[in-house]
Amino acid sequence: MVHPGDRVGAALWLLGDSWEVLVLLPAGPNGPVRHLAPLSHAAAEKSKVSRSPLLSWSREDLTVEVATCRRPVTLIMRNMKWSQLTGLPRAASTFPFSPDLSFSAKGHLLGSSFCFSLVFFSAVCFHVLSMDIPLEVEQPPTITHHSPRVSVASPLDDNYTLKCTARGNPEPEFRWTKNGRRFDLSQDSGLIKEDNAGSFTIPNGNNITQFGGSYRCYASNRLGTAVSEEIEFIVPSSPKFPKETIDPIEVEEGQPVTLQCNPPSGIPPRMIYWMTIGLKHIQQDQRVSTGLNGDLYFSNTVEGDTRTDYCCFASFLTIRTIVQKTAMALVVRSRRNDTAFSLRKPSLMTPPGVQTEVHLVKGEDLQLECIAEGLPTPVVNWTKYGEEVPDHSITNYGKRLVIPGVSEDDGGTYTCMATNSAGHTTHTFLVTVEEPPHWLVKPESQLKTTGSDVELRCSAAGRPKPKVTWMLNGQPLQESPAFRGQLLKNTVVLHHVKPNDSGVYQCLASNIHGTLLVNVNVMVLDLAPLILTEARQKYEAVMGTTALMPCRVFSSPPSNITWARGDSVDSLSDEKFSVQKDGSLYIHAVQKEDAGEYTCFSINSEGNASISATLDIKDATKIVEPPQNLRVARGSTAEFVCRASYDKSLTQSFEMLWEKDEEEISLNQYPRHFAKGNILQISNTSRADQGTYKCVVRTSLDQVLASALLIVLDVPDAPEDLELYNHENLTVILKWVPGEDHNSTITEFIVEYEESQWEPGTWRELKRVPGNQTQALLDLHGHLDYQFRVSAVSAIGRGAPSRPTEKYITPAAAPDRNPDNVKSEGNLPHEMIIRWEPLLPVEHNGPGLEYKVSYRQQGVEDAWQEYMVKRHSIVVKNTPTYVPYDVKVRAANELGWAPEPPVHTVYSGEDLPAAAPANVAVTVLNSNKIHVSWTPVPVHHVQGLLGGYKVQISRLWDLLNSGKPLKEKETALVSGNVSHTTVLDLVPFSEYNLTVAVFNGRGMGPRSHPVTFKTPEGVPEKISILRATNAQSDTITLVWSPPLKAHGVLRGYLLQYQMVNDTAELENLHNVSVPGSDSTQWVFRDLESISRYRFYVSACTRVGCGPPTSEESETTPEGSAVKSESPNHWLIGSMCAAVALTLVALVACFVRRSIGGKYSVKEKDDARSDLQSQGKANNTSSEYSDSEEKPLQASLSSIGPDSEEDSGGMGSTGSEDEDGHFSEDGSFIGEYAGRGGAASADANGAAVAPQ
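Residues numbered from 1 in each chain as written. Predicted model: local features only at pLDDT ≥ 70, side-chain atom pairs only at ≥ 80, totals over all residues. Heavy atoms only, no water.

Next up on the list: the overall build of the protein chain. The helix and strand inventory of the protein chain stands at three helices and 100 strands. Long-range pairs, those at least 24 residues apart, make up 66% of the contacts in the protein chain between residues at least 6 apart in sequence. Summing over all exposed atoms, the protein chain offers an accessible surface of approximately 62,200 Å²; the carbon and sulfur share of this is 49%. (Helix = DSSP H or I, 4+ residues; strand = E, 2+ residues; numbered from the N terminus. Contact = heavy atoms within 4.5 Å. Areas by Shrake-Rupley, 256 points an atom, 1.4 Å probe, with all protein chains shown as cover.)

Taken over all residues, the pLDDT of the protein chain has a mean of 80, while the share at 70 or more is 78%. Low pLDDT (under 50) marks residues 1123-1127, which in the prediction has six contacts with non-local residues, meaning those over four places away or in another chain. (pLDDT = per-residue confidence, 0-100.)

Before going further, it helps to spend a moment on the packing of aromatic side chains. In this structure the tally under the stated criterion is 28 aromatic pairs. Between Trp 176 and Tyr 215, the ring centres sit 6.4 Å apart and the planes meet at 80°, which makes this aromatic pair edge-to-face. Residue Trp 176 is located in strand β14 (residues 173-178), and its partner Tyr 215 is located in strand β18 (residues 213-221); the two are separated by 39 residues in the primary sequence. Judged by centre distance (5.5 Å) and plane angle (10°), the rings of Tyr 786 and Phe 788 are stacked. For the pair formed by Tyr 786 and Phe 788, the shared burial category is buried. Grouped by ring-pair contacts, the aromatic residues Trp 176, Phe 183, Phe 200 and Tyr 215 constitute a single cluster. Geometry around Tyr 646 places Lys 648 over its ring, the cationic atom sitting 4.2 Å from the centre. The positively charged end of Lys 888 is found above the aromatic ring belonging to Trp 864, 4.7 Å away from the centroid. (Phe/Tyr/Trp six-rings, centres within 6.5 Å; stacked < 30°, edge-to-face > 60°. Buried < 20%, exposed > 50% of the residue type's maximum accessible area, 1.4 Å probe, protein only. Lys NZ or Arg CZ within 6 Å of the ring centre and 35° of its normal.)

Moving on to the sheet that holds strand β53 (residues 577-579). Pairing is antiparallel in the open sheet, where three strands are placed in the order β50-β54-β53. At either end of the open sheet lies a strand with only one pairing partner, and these are β50 (547-549) and β53. Pairwise comparison of adjacent strand axes, ignoring direction, gives a mean angle of 20° for this sheet. Here β53 pairs with strand β54 (residues 585-587) via three bridges, running antiparallel. Directly across from Phe 577, in β54, lies its bridge partner Ile 587. (Pairing = 2+ DSSP bridges. Axes fitted to C-alpha atoms, helices over the stretch in contact; angles between N-to-C directions.)

Attention shifts here to the sheet that holds strand β16 (residues 192-193). Across the sheet, which stays open at both edges, the three strands sit in the order β12-β17-β16 with antiparallel pairing between neighbours. Looking along the sheet, the strands with just one partner apiece sit at the ends: β12 (159-162) and β16.

On to a nonpolar patch on the surface, then. Taken together, Met 271, Tyr 273 and Leu 317 make up a surface patch of nonpolar side chains, about 270 Å² in accessible area. Here Met 271 lies in strand β23 (residues 270-275). (Patch = residues over 30% accessible without salt bridge, like charges linked within 9 Å, V, L, I, M, F, W, Y side chains within 5 Å. Salt bridge = Lys/Arg side-chain N within 4 Å of Asp/Glu carboxyl O.)

Under the definition given, this model contains 43 salt bridges. When the shortest N-O distance is used, the salt bridge between Arg 1102 and Glu 1017 registers 3.4 Å. In this pair, Arg 1102 is assigned in the loop between β94 (1092-1100) and β95 (1109-1114) and Glu 1017 in the loop between β88 (1011-1014) and β89 (1026-1029), connecting sequence segments 85 residues apart. The exposure class assigned to Glu 1017 is buried, which follows from its relative accessible area of 8%.

This paragraph deals with the side chain of Thr 290. Following the sequence through the fold, Thr 290 ends up in strand β24 (residues 288-290). At a separation of 2.8 Å, a polar atom in the side chain of Thr 290 contacts the side chain of Gln 284. The contacts of Thr 290, once residues within four sequence positions are left out, are Ile 272, Trp 274, Gln 284, Asp 295, Leu 296, Glu 369, Asn 396 and Arg 400. (Polar contact = N/O pair within 3.5 Å; in protein donor to acceptor, adjacent residues only side chain to side chain.)

A few words on the pairing of strand β87 (residues 990-1000). With 11 of its 11 residues buried, β87 lies for the most part within the structure. As judged from the 11 bridges shared by strand β84 (residues 946-958) and β87, these two strands associate in the antiparallel manner. Its bridge partner lying in β87, Leu 946 is registered against Asn 1000. Alignment of β87 against β88, held across four bridges, turns out to be antiparallel.

Residue placement: Lys 576 occurs in the loop between β52 (560-565) and β53. If we ignore the near neighbours within four places in the chain, the residues touching Lys 576 are Tyr 586, Ile 587, His 588, Ala 589, Val 590, Gln 591 and Asp 594. At a separation of 2.6 Å, a polar atom in the side chain of Lys 576 contacts the side chain of Asp 594.

A separate point is the state of the cysteines. Scanning all chains against the criterion turns up seven disulfides. Disulfide pairing places Cys 370 opposite Cys 416 at an S-S distance of 1.9 Å. Taking the torsion about the sulfur-sulfur bond, which here is approximately -80°, the covalent link between Cys 370 and Cys 416 counts as left-handed. With a gap of 46 residues between them, Cys 370 in the loop between β31 (366-369) and β32 (371-375) and Cys 416 in strand β37 (residues 412-420) connect regions that are remote in the sequence. (Disulfide = S-S within 2.5 Å.)

Moving on, we get to the side chain of Arg 890. Looking at the element boundaries, Arg 890 is found in strand β79 (residues 884-893). On the basis of relative accessible area, Arg 890 is assigned to the buried category, the value being 19%. Filtering out sequence-adjacent residues up to four positions away, Arg 890 remains in contact with Asn 818, Glu 850, Tyr 851, Lys 852, Trp 897, Ala 898, Pro 899, Glu 900 and Pro 901.

Right, let's talk about unusual backbone geometry for a bit. Residue Arg 463 is joined to Pro 464 through a cis peptide bond whose omega torsion reads 0°. Mapped onto the elements of the fold, Pro 464 is located in the loop between β41 (459-463) and β42 (467-472). Cis rather than trans, the peptide bond between Ser 556 and Pro 557 has omega equal to 0°. Looking at the element boundaries, Pro 557 is found in the loop between β51 (553-556) and β52. Backbone geometry places Asn 726, a non-glycine residue, at a positive phi of 50°. Mapped onto the fold, Asn 726 is located in strand β67 (residues 720-728). Even without glycine at this site, Asn 821 takes up a positive phi of about 55°. Summarising the element assignment, Asn 821 is placed in strand β74 (residues 820-825). Residue class for Asn 821 comes out partly exposed when judged on its relative accessible area of 41%.

Below, the structure is given as structure tokens:
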């Protein structure tokens, strides 16, 4: 509740095109401010709004009117250090009302109006009208709310409420009048009356029309009566055109005619339309137009005006109704037999006479109209006092003058003149602008003590001049027995008032355009101080701020208010303490030592009162880690961090909010935003997320904030305004304007082209230019129609392409290049196929593309053999086997030849090699590694481009189990002209044989004689199963299974063990040798109880022991034992598991053997000269250039059983029995299916490398 002397604040928010106005009440025990509901009004036409209130709003304890100001003004706060309130921030800005607003004896805020300006160039006025007296004190009624002056009953509403609410003590009683007569609500059972209020509701029904009229509400108690303004309740009748039969209207061509509409009356605005039955508008112009009265005027008629469906439609927007008049027929008789129409001087069809008087109310729209007939069609001009009026005011083809929102300056004499070639006519309008009443001096409510004088002044202006009358408690002043004062002109004077002079005075100002009414409460009261603030309240404030401790007092006469601290009765006199007129204590820049108890004392001539309150000082809220500015790419996640410190006693009210561009982020509104704790995350960022983010930290006592900028980096926008310059044959300059880079510098532009002849709709890259250039010189092909587009590239990525240019057609020309990649293929020994990459269609440069192919055998033929072909290959028959040829290919079209082409060296077709390598020798290096050497095949026996050598190895016998012969085959390919290699990953203790064959691009040559060799014993594999069992206090039994592959004769096992202490460290290692291959368990004795041991078991052959397998176990405490498991049972299970693992391994092996491989060597034409030079440098064994430093490793492929041994080519799967097929460049693909898969020197196959 606001009391005299209280400070209230206002806040102004600019939201879009609307101002949001908040009235803020003083601090209370639950927070620093409380606010009333927001008030809104449209911000359009801010510079032309009227002075009248836009909105009024009331609470039971305060009435506020919001009005616009004609111009921005400056608010100067008296008795405070306030400057101009300009340049306020866009967020809510608050300020206190003037502390010295004047009050009458009844404590209502008197009409102190003021305006404040903002940099937004709009102003809002606040007008506090009512006097605020606590309801604990007896007082006359004050009407707090009533319905608007005009209420229209809409047929779409279910009911209509006439509102009237009031406050007073005793509780007011209500009564109504209708059209000046008492209106008894109880007489109509259909009316719904609200409890404890004067409002009532009228249901919408058939009898709604009987409630139309002017209503006035009266609120009364024994101290007086308040009266509302008149409320006009309009019940519109449904507008209808009368049902009628309209005879056709006949008129001679050239004569004028008027089609009358006579629209029904209704709630404005009313719009008139002339249309056909088919709802097509009647065409209007200077000759045909609609008047303000709705009639359709023809200044002269033509034969085309004849029709039978002229319809007038009246639209009433307020009640959402459109009605239609009966269709009318117009018949225009033709005058074709007459030679010509006679001219006719203009005369006015409307208005009649020569002069019209027009009376308007200020703010209404002035509409003057002159519609003239004549032949030819007259033209209308407008003047005011002989001067032309602005063109923007003329409508309806010059026939209507419209001035919206007239003022007094718009009054005067207006003249319209209708003119044609036959003469002219005029009409004069005398315009008078009148005005409804407005206050010059508005009486104010007053609170007085016994014996005081009261003067109530009331003055209003308007046109005509308003009549001012006074009432007391709803009765004319002269008829009121309670009035014992004087009425001097428009001023009421009371001398030496007494309490029974209290009442409600009404001042009315009326003229023909309206009535103003104001209720003025006069209270005569002698009252000791009544402290309205509750005692023993606890207030809180933040260090460094101003603390407010209210002491709201009502008294008459006004009391003297002082404050004391603690047990002292002395008034506070320090500068940091200030007592306001409303009794509140302000403590400036509070510190911890200001906490404690304070007492408010109030005294007047009628008595005294006091209350005490406690002040607690809290630590200020601070942001210790503000959010930092971020630059993120679009689509990524942005994360702001904001950390704050605050008084822990305010934890319950502490909250952290986030705002974007001054608007609070709602997680429902922003689904990609996630706020938790002190972090704000924005996922999948877009350009719309860019802006200023604010971390708002607040408690119930204070608020702090910190801002950070989020910059979203995105790909650039498409370039614009592409233009082509300097068209010169096959070059052109393309220019463009870069698009927005979206915070990431453009690094380059990509120019693309599309041509519609060969690849319509396909865009291909043409050129790239640096990002600081905005043009490019384009080299083009001939005989094409181009379109170009440009896209920009930044560090974020490539942006969208621009809109394409217009088509650009290049002239035809000879080819500017020859085919590339000229090469030969030989599928047969005596045949050569010459191939090349053809020119792209866009490179033809013109019609009729052909190729001239020229070739000759090197060193044998001098003359060129030439052929013209259209395809991109040619077959040459009867060539020697694998000899060099000179070849060149030249392009030509109908406009000429391409430049002279280069000469390429190619070779004729290959044949299978004719000889096998000789002197094949094998050196066994260890149990799984051998060295193979041979004498290379002479070059002339290779009969083609040497690809390399194939080493085939067959495992014949397992020397440990020699019962069955084996048929395991593996191959290795060695590229190049080499004479030795190393084969890895052989199976130890096995017998093998080996052959070597040479291969070229055609296939494999004959194999060498087989060489047989044996690999020695090796170390066994790891033991697959190991288990520690039967743990006792000093013994543990170790059980294992033999290795799956012993790689030799198994001689026994090496057992090792060591203790693992509490820190997981290992003790000394102890060794135990177990002889014999059949031993599969061992009992370790004399172990320490409750100790953990780690055991290792390795299988051993004569060569050594294999890798160990480990297991851990723990001995039991003394006197306890673990149930023993049968070692034999466990061993049987272990052996079964071993057999199962063996079967799985065999299945995997067979699967691997069925998989083929690919192989590769160097491209034969590129490598041919190198291989020949190597052969000359080394007579018999030209090895790979870096074979000594980097042994070449190849892969062995597992081969299934194969009984056939021939010298055919090598198949693509690596099998020795299939003919070899090579790619067109004579190379193998280097990938095999060996035991381990890929072709590499790993554990899954035999690797080969030259030595």
